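What follows is the residue order along each chain.
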Amino acid sequence: VGNSLFQTLISVLKQPEQLLWLLARTLPFSTHFYLNYMTVQCGVEGLQMMRMAQLVKFTALKPIFGEDRAKELCEPEDQAAGGIGGRSARLAALLVIALVFSTLAPSILLISLVNFSLARVVYTYLFTHAETRKGDSGGIHWETQIKNVQ
């Protein structure tokens, strides 16, 4: 929003009514960054499909333990980064970015549509064919996720 967070904070505290004008002046300059960010996220979905952490673990453990045991040891994926919570948080952030910047740069909606369509294909494949089954929380996770997007 400005060159110095501290100076901007002092300025907003002195004149709170200027916050919306400050955002209106500065927010459009960040639209190109988020357009590029959303485009790069399409590549991230491709990286998710590769499952690099599991591949490296499997490759390292296979000569030591054999193929079957190495497969057991490299699953499940790290839940903080590659689990359902980490993925849904990242996708929720992408959705919020698309919604916020859609009024300033409507083309971000097209890029987001491509990204979310790609994510749908990738995660459907991963959930059904590549990853081990996970426990079901009975819908509490999904309800909380929808509330976080609001």
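Source: prediction; values computed, not measured.

(A) Here's a closer look at the overall build of the chain. What the chain contains, in helices and strands, is eight helices and zero strands. Looking at the chain residue by residue over its 150 residues, the buried ones come to 27%. Long-range pairs, those at least 24 residues apart, make up 70% of the contacts in the chain with a sequence separation of at least 6.

(B) Fine view of a nonpolar patch on the surface. Together, Leu47, Met50, Met52, Leu55 and Val56 give the surface a local cluster of nonpolar side chains, amounting to about 470 Å² of exposed area. The set of elements that each furnish at least two residues to the nonpolar patch consists of α3 (31-50) and α4 (52-65). For the nonpolar patch, the element with the highest residue contribution is α4, accounting for three residues. If you trace the backbone, methionine 50 turns up in helix α3.

(C) Highlighting the packing of α3 against helix α6 (residues 84-101). Where α3 contacts α6, the two axes come as close as 11 Å, and the packing angle between them is 150 degrees. It follows that α3 is roughly antiparallel to α6 by the angle criterion. Every pair of crossing elements has a handedness; the one defined by α3 and α6 is left-handed. Residues Thr31, Tyr34, Tyr37, Met38, Gln41, Val44, Glu45 and Gln48 of α3 touch α6, and the partners they reach there are Arg87, Arg90, Leu91, Leu94, Ile97, Ala98 and Phe101. Each residue belonging to the contact of α3 with α6 can be placed in one class, and the counts come to nine nonpolar, three polar and three charged.

(D) Region of the structure containing α6. Taking 1.5 Å of rise per residue, the 18 residues of α6 would be expected to cover 26 Å, and the 26 Å separating its terminal C-alpha atoms lies within 8% of that figure. The set of residues buried in α6 consists of Gly86, Arg87, Ser88, Arg90, Leu91, Ala92, Leu94, Ile97, Ala98 and Phe101.

(E) Representation of the environment of alanine 70 in the model. Tracing the backbone through its elements, the reader meets alanine 70 in helix α5 (residues 67-73). Accessibility expressed as a relative area gives 0% for alanine 70, which makes it buried. Through-space distance from the C-alpha of alanine 70 to that of lysine 57 is 7.8 Å; in sequence the pair is 13 residues apart. Residues in contact with alanine 70, not counting those within four places in the same chain, are Phe58, Leu61, Lys62 and Phe65.

(F) The arrangement of the packing of aromatic side chains in detail. In this structure the tally under the stated criterion is four aromatic pairs. Ring plane angle 20 degrees and centroid distance 6.1 Å describe the contact between phenylalanine 33 and tyrosine 37, whose orientation is recorded as stacked. Placement of the pair is phenylalanine 33 and tyrosine 37 together in helix α3, with a separation of four residues, close to one helical turn. Residue class for tyrosine 37 comes out partly exposed when judged on its relative accessible area of 32%. Between tyrosine 34 and tyrosine 37, the ring centres sit 6.3 Å apart and the planes meet at 80 degrees, which makes this aromatic pair edge-to-face. Highlighted residues: tyrosine 34 and tyrosine 37, both in helix α3, separated by three residues, approximately one helical turn. On the basis of relative accessibility, which here comes to 23%, the residue tyrosine 34 falls in the partly exposed class.

(G) Spotlight on the environment of arginine 120. Tracing the backbone through its elements, the reader meets arginine 120 in helix α7 (residues 107-130). A relative accessible area of 59% places arginine 120 in the exposed class. Sequence spacing of arginine 120 and glutamate 45 is 75 residues, and the spatial spacing of their C-alpha atoms is 9.5 Å.

(H) Region of the structure containing the confidence of the model for the chain. For the chain, the mean per-residue pLDDT works out to 82, and 86% of the residues sit at or above 70. Confidence, expressed as mean pLDDT per element, reaches its minimum in the chain at helix α8 (residues 140-149) with 73 and its maximum at α7 with 88.

Thresholds, definitions, all that
- Residues numbered from 1 in each chain as written.
- Predicted model: local features only at pLDDT ≥ 70, side-chain atom pairs only at ≥ 80, totals over all residues.
- Heavy atoms only, no water.
- Helix = DSSP H or I, 4+ residues; strand = E, 2+ residues; numbered from the N terminus.
- Buried < 20%, exposed > 50% of the residue type's maximum accessible area, 1.4 Å probe, protein only.
- Contact = heavy atoms within 4.5 Å.
- Patch = residues over 30% accessible without salt bridge, like charges linked within 9 Å, V, L, I, M, F, W, Y side chains within 5 Å.
- Areas by Shrake-Rupley, 256 points an atom, 1.4 Å probe, with all protein chains shown as cover.
- Salt bridge = Lys/Arg side-chain N within 4 Å of Asp/Glu carboxyl O.
- Axes fitted to C-alpha atoms, helices over the stretch in contact; angles between N-to-C directions.
- Parallel < 35°, antiparallel > 145°, perpendicular 65-115°, else oblique.
- Left-handed = near helix turned anticlockwise from the far one by under 90°.
- Nonpolar A, V, L, I, M, F, W, Y, C, P; charged D, E, K, R; others polar.
- Expected span 1.5 Å × (residues − 1).
- Phe/Tyr/Trp six-rings, centres within 6.5 Å; stacked < 30°, edge-to-face > 60°.
- pLDDT = per-residue confidence, 0-100.

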